[in-house]
Structures are given as C-alpha cells and as structure tokens.
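Chains, contacts and geometry: an overview
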Amino acid sequence: MRDASRWLWRSSTGLALACLLVAPLRAQDSVVVIDPDAPLADSSALGGLPASVIEELLRTWNDSATTRLNGSVTLPAGSAMRGQVALYRGILRVAGSIDGPITVINGSLVLAPGARVTGPVLVIGGRLIRQEGSSLDGDERVYWDVAPVVRQRDGTMIVQETPNLETLGRAQASFGVGKIRTTIHASTGGTYDRVEGFPLELGPSFDWRASKRDRVELDLTGIVRTTSDRTGSHSDFGYRGRLEWRRAGEVTYGLGARAQGVVDVIPDQTLSRAESGWSSLLIQDDQYDYYYSELLGFYGFVIPARQFRVDLSWSRDQQSSALANNPWSLFVNDSRWRPNPLIDDGQYYLTAGAVTLDTRDNARQPATGWYAKAEVEYGTSENVAPLVLPGDVRNPIPTDGSYNYTTLALDARRYLRLSPEDRLSGRAYFAGWIGGDELPVQRRLSLGGPGVLPGDGFREVTCTPAGVLNNAQAGLCNRTMFFQVEFRHRLDLGWHTTISKVPDGTSGRVIGIQSADLVFLSDLGTAWLSGEGPNRVPNNRLPSLDLWQADIGVGVDFGFLGAYLAKSITDDGPLRFSLRLQRRF
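So, a few notes on the structure that sits alongside this text. (Residues numbered from 1 in each chain as written. Predicted model: local features only at pLDDT ≥ 70, side-chain atom pairs only at ≥ 80, totals over all residues. Heavy atoms only, no water.)

Observations regarding the sheet that holds strand 10 (residues 121–124)
- If you trace the five strands from one edge of the open sheet to the other, you get 1-4-7-10-13, paired in parallel fashion. Each having just a single partner strand, strand 1 (67–70) and strand 13 (140–143) make up the two edges of the open sheet. Strand-to-strand twist of the sheet, defined as the mean angle between neighbouring strand axes without regard to direction, takes the value 10 degrees. (Pairing = 2+ DSSP bridges. Helix = DSSP H or I, 4+ residues; strand = E, 2+ residues; numbered from the N terminus. Axes fitted to C-alpha atoms, helices over the stretch in contact; angles between N-to-C directions.)

What to know about unusual backbone geometry
- The phi dihedral of Arg459 falls on the positive side, at around 50 degrees, and the residue is not glycine.
- For Arg459, the position within the fold is in the loop between strand 27 (422–436) and strand 28 (479–500).
- A residue is classified by how much of its surface remains accessible, and Arg459, at 7% relative accessible area, is buried.
- The backbone of Gln473 sits at a positive phi, close to 55 degrees, despite the residue not being glycine.
- As for its position among the elements, Gln473 is in the loop between strand 27 and strand 28. (Buried < 20%, exposed > 50% of the residue type's maximum accessible area, 1.4 Å probe, protein only.)

Regarding the nonpolar core
- By size, the foremost hydrophobic cluster in this structure holds 19 residues, and its most contacted members are Leu92, Val94, Ile102, Leu109, Leu111, Val121 and Leu128.
- Within the residue set of this core, elements represented by two or more residues are strand 4 (85–88), strand 5 (91–94), strand 7 (102–105), strand 8 (108–111) and strand 10.
- Residues within four places of Val121 in sequence aside, it is in contact with Ile102, Leu109, Leu128, Leu136, Asp139, Glu140 and Arg141.
- Listed in part, the 17 residues of the second largest apolar core include Leu389, Ala431, Leu445 and Val452. (Core = buried A, V, L, I, M, F, W, Y, C linked by side-chain atoms within 4.5 Å. Contact = heavy atoms within 4.5 Å.)

Describing the pairing of strand 19 (residues 214–225)
- The pairing of strand 18 (residues 199–208) with strand 19 spans eight bridges and is antiparallel. Within strand 19, the residue paired with Glu201 across the bridge is Ile223.
- Taking the residues that link successive antiparallel strands as the turn, the strand 18-strand 19 hairpin has five residues.
- As judged from the 11 bridges shared by strand 19 and strand 20 (residues 237–247), these two strands associate in the antiparallel manner. Directly across from Arg215, in strand 20, lies its bridge partner Arg246.

In short, shape yes, function no, at least from these values alone.
So this is what it looks like as structure tokens:
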C-alpha cells in the first residue's frame, strides 16, 4: 500500500512540477532534413558546441552591420547579397551569390546548383548541404548541437540557459577591491534530509589573483542544521573551509587544505543529493544514508592537459553515527522516516588518488565525448569501534590498531552523436573492496532504484542475509557493477511563447518547452559480497548471470525535468515511475 501511495504521489507531483516549473528553456529546435540524397559538407566539428562559438554567433548576430534573417529564406538564382548574413531558426537556401560570411543559427544552409558563396560559413544546430554545381570559397564549420540562445523583442540575441532545479535556493553577491574578489553566498545546502533538515549555509569566499598565473581562493562556510540532533551528541552547527593555491599554464597544478564538520553521505550510486532532497521534502523519501564527519586534510592536483586531471589527497576524518530525526515533508507525513543506519565509528586516516579523463562537450547535458575516472581510497584506523554484523556479511574486523582497507571505483562513459536528432550513450561502472580488511559500513554498497535500475525498487540488492532484519535498508555489499545504455531522439515540441518584460515591449522572454528528448533505456547490474564462504563470490570472479538484475524503460527528458517508466525483465515487479532533475549519466 505504501509503494502504491508513493507511486501516486510521485505521479501527481510530477504533473504539478511540469505545470508549475515551466521556465525559460534553451532553444533546442530539431533540424528539418533537406534533400537527404545531397552530399553533406565536411565538418570541422560535428559534436560539442564550444563557448567560443556561442560568443562568436552572438557577436555576429548583434552586430548592426549584419543582415539578420528569421525563419526560412530563399535567395533565388541571379540575385546577390554583400556583407555579413545571419539566419536564425530556419533554412537558408542559396541559389544566387553571397559575397561575405554566413552564419546559420539553429537551422540549415543549402547551396543549390549555381550558388556562389565567397566567405566563411558557420552552421550551428543543423546541416550544410552543398548540391552539385554550387561553389563555396571560404572555411566551413558545422556543429550539430543546438545553440542555447533566444532572440529578444528588440532583435538582439542572448544566451538562454536551461533552468536547473538543483540550484534553487542559492544566492550570492560579489564585489572586487584591487586584485581580490569577494563573494557572499547563502543557500539551503542544495538538499534536504532526515538528519539535519535544511542545512542553511552562509559565508564569504575570497579570490586573489596574485599574478597572471597564480590564484589563491579561500572559502569559509557556516552551516545551521534546522533539525536538531535528538541525542544532543552533535552540534546544530557545522562548518566547511578550504584554502587553495593554483598556478595556471600549459600544465596547471595546485595545492590546498580543507576542514569540515558536516553531515556526510555514505557513497552509493543513487540520485544526486539535490534530487534526494526534493524527494525528501515532497514525499518523505530520503535516498541516502548519513554520518557525521569532522575532517582535516590536504590535497594536490595536476592538470597536464585540458581534458585530463590527476588528484591526490590525505585526510584525518573523525566519523560517527547519525540518527534520523523527524523533519516535516510537504505531502507525506503519515509515518516516520526510514532509520539511518549506524556506522563503524572511529578516526580514519584516508589516502586517495583519482585520474579523470573528460572530453565531453557539456558536463550537464553531454552529446559527444568520453568520461572516464579511476579512484582508489586506502583507509586505516587505530581506534575503530565496529558494529557486530552477521557472519555471512562480515567477519570481525581488527581493533588492535591495524585495521585497513582499500577500495576502487571505475566509471567509464561514452557519448555519441549519431545525427542532429539522435544520440547514443553507454556507461560501465565498478566499485568496491579490493584489498585489506573488510569494509566498514560507511563504505558498503547496494543496488536498485531510479539512480541505476529504475525498473527495480529502492535498494533491491543490499546483501542482507535471509532472516536478518534490516529496517534501515542499509547497503551491506562490498562490490557492485552495472552497465547502462540510452538512446535519445530529439522532439521539436514548440510548446512556448514570448512575453514582454516591460510594457513598451522592448525586450522579451521565451517561456515554455521548445524541445525534449525521447529516451529509450536499458540497465544491467548486480551487487555482491566478495570473498570466501557461503553466499559469497570468490574475489577473482564475477557473480553468475542469475544474480544480475536487468530492466528496460522509456522516458521524456525536458532538459530540466525527466519522467521515466521502467520495468524489470528479471523479476515480476510492477511498472515503476520516476522523476529526474538531471541526466541519468
């Protein structure tokens, strides 16, 4: 009954959000395919729209010397134009001659037989089609990705960013004095949870440009927990501080120190903290588990190339259990929150390293490129106070000061632009124990739910032995692996209108939804206990196929909100509905 009520609330909430949160969106119009038998021009970049290209198109369009065209336009044979020409949202068919540069924004350019162009050509969000008998004397650049721009009532063009519901509740103000820029920031911490409610954050940050290459940043944040700890063992206040020096150049590198007293999350592949916060606030459904962290640490990084980064860190972290409180939620308050599991309290010394390769064209809504990250953590503790777990889950861990463990996380993602409207992406992920003593509770894993397997219930796989009560649904596995595949097709919806900001109509704003992605998805994953003994998988093997979970699904992604239906194909579970505020990966 509770699952049914949650599904109903999620459905109704999704409809409400879709109606209430209609906001300015990116211009993401699909491109009309013209004469598919005509040869496509060579492209210098078919995926990924650099920021410099957006700046260039804005500069061109807003130049008073540019001839601006809106919608589909045909230049007939025998006619001629001189100077800079730009077209927005349409098809520019040229059968005559243009002596000057051409910029087509979120549209296509067709050079018909007899057409002659003597300047460079830039096509964004569409295609350049050169038919036999046409002539192009100039550089050509074609980008399939749609430009996030919108035209105002006065004819000028501005960037129109996609709304991001994850950043609601944040505000900041900046001012500069000499080489130092000061920013005062305030936010809700970007989340809402059953331990601290809204973590209200406030503080200053300072950015000192010491030289052309050197930069020093100091961030100081105070945290007020709006829900008090019922045991009185922890303060209602937290803090976060960071001091970093960075030297930019052909090779960028830096060093930093950080200190914090926060409510931290147990790492698991689930929703983002912002999405979990919305779920908690609306329907009393917290997707994370938490512990208190009082940390002092140092770190360094090297960026030998723009798309490659190496990180190293060392920290001393006092980790302790946190109990769930009873903050209110907006729609569902008919039961208490899921208990927050206890952890293996202690002072941990953590050494971590990570290597990251990121060639994506856009981190939030990627269309092309690679993302790959490998991360290792080595932890030790001289005073760990371990929980007593069932022998099937964990053998006793040492308390003589010799406790240590090692974890590894591998994340590889590939994004492919198949056509202006179609994209294919895939992800492979592994995380878990690889050496030392058995993992503490705060490093254990689970699988299931909208973050990875939307066709399965929340934490479908926790590695809890049969007959053992696990009210908190704590993840007890020590390894997990999964694969995800998505196919996206761009839909041109046109559900938008333009309104005036001021009575004289000198400027305007687009509201509504111009386009969306139709998403087809499939996932395969499992989580398990590695090691020797009953109900375990040997360290050098993967679980047998009957222990893997698989699902298929479909969804619609509006850029700021996605709605998905998914069904497990390995279990007889129900069709499940979920909302996402960001891409699945």
